[in-house]
Amino acid sequence: SPGSCAAGRDNSSVACSSCLSGLHPTDEGCVPCQGQDYLLLIFVCLMILTTTGALHGFLLYTNNNKVQMGFLKAGIYVGQLAVSMQVTVVIQRMDIEWQEPFLSILEAF
């Protein structure tokens, strides 16, 4: 019936696609989160911090600063471009009647 979902599913989500708080989706449906679920998240976060810290340390202590700074700047520019494009797509999907000149910018993408 409308407004009802399978056990553990959030009936306020589109097509009951989300699990309730404290549950995560599996092939069998929504099941409670366990310790190893959080362990994987913590491991990934630590790996990201370690990798970026090591890269930062490498760039600080390298002798060839001009080449390394070029790579660093290029990486920053690419990252900013990706974030800008993502924000533009999110803004474009909002149900707002945009006015010029912003409407022309959104239509270009």
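This section reports on the structure supplied with the text. (Residues numbered from 1 in each chain as written. Predicted model: local features only at pLDDT ≥ 70, side-chain atom pairs only at ≥ 80, totals over all residues. Heavy atoms only, no water.)

1. Topic: the overall build of the chain
Here comes step 1: Each helix and strand counted, the chain has three helices and two strands in total.
Here comes step 2: Of the regular secondary structure in the chain, the N- to C-terminal order runs β-β-α-α-α.
Here comes step 3: Taken over 109 residues, the chain has a buried fraction of 9%.
Here comes step 4: Taking the contacts inside the chain whose residues are at least 6 apart along the sequence as the reference set, 0% of them involve residues at least 24 apart.
Here comes step 5: When the accessible surface of the chain is split by element, carbon and sulfur atoms take 66% of a total near 9,200 Å². (Helix = DSSP H or I, 4+ residues; strand = E, 2+ residues; numbered from the N terminus. Buried < 20%, exposed > 50% of the residue type's maximum accessible area, 1.4 Å probe, protein only. Contact = heavy atoms within 4.5 Å. Areas by Shrake-Rupley, 256 points an atom, 1.4 Å probe, with all protein chains shown as cover.)

2. Remarks on the pairing of strand S1 (residues 23-26)
Here comes step 1: Inspection of the sheet shows S1 paired to strand S2 (residues 29-32) by four bridges, in the antiparallel sense. Residue histidine 24 lies in a different strand from S2, and its bridge partner there is valine 31.
Here comes step 2: Between S1 and the antiparallel strand that follows it, S2, lie two residues. (Pairing = 2+ DSSP bridges.)

3. What about the state of the cysteines?
Here comes step 1: Tallied over the full model, the rule gives two disulfides.
Here comes step 2: A sulfur-sulfur separation of 1.8 Å characterises the disulfide bridge that pairs cysteine 5 with cysteine 16. Looking along the S-S bond of the cysteine 5-cysteine 16 disulfide, the torsion reads about -65 degrees, which is the left-handed sense. With cysteine 5 in the segment before S1 and cysteine 16 in the segment before S1, this pair connects stretches of sequence that are eleven residues apart.
Here comes step 3: Judged by its relative accessible area of 22%, cysteine 16 is partly exposed.
Here comes step 4: A sulfur-sulfur distance of 2.0 Å marks the disulfide that ties cysteine 19 to cysteine 30. Of note, the bridge from cysteine 19 to cysteine 30 carries an S-S torsion of about -80 degrees and is left-handed in sense. Note that cysteine 19 is positioned in the segment before S1 and cysteine 30 in strand S2, a separation of eleven residues in sequence. Residues cysteine 19 and cysteine 30 agree in their burial class; the two are buried.
Here comes step 5: The connectivity of the disulfide bonds within the chain can be written as 1-2, 3-4, using the sequence rank of each bonded cysteine. (Disulfide = S-S within 2.5 Å.)

4. Describing a nonpolar patch on the surface
Here comes step 1: On the surface, Leu40, Phe43, Val44, Met47 and Ile48 cluster together into a nonpolar patch covering about 480 Å² of accessible area.
Here comes step 2: Within the fold, methionine 47 resides in helix H1 (residues 35-61). (Patch = residues over 30% accessible without salt bridge, like charges linked within 9 Å, V, L, I, M, F, W, Y side chains within 5 Å. Salt bridge = Lys/Arg side-chain N within 4 Å of Asp/Glu carboxyl O.)

5. Details of the environment of glycine 29
Here comes step 1: By the element assignment, glycine 29 lies in strand S2.
Here comes step 2: Sequence-wise, glycine 29 and alanine 7 are 22 residues apart; in three dimensions their C-alpha atoms are separated by 8.2 Å.

6. A closer look at unusual backbone geometry
Across residues other than glycine, the phi torsion is negative in most instances, and most of the peptide bonds are trans.
Here comes step 1: One non-glycine residue, alanine 15, lies in the positive phi region at around 55 degrees.
Here comes step 2: By relative accessible area, which is 73% here, alanine 15 ends up exposed.
Here comes step 3: Here the phi dihedral of cysteine 16 falls at roughly 55 degrees; this positive angle occurs in a residue that is not glycine.

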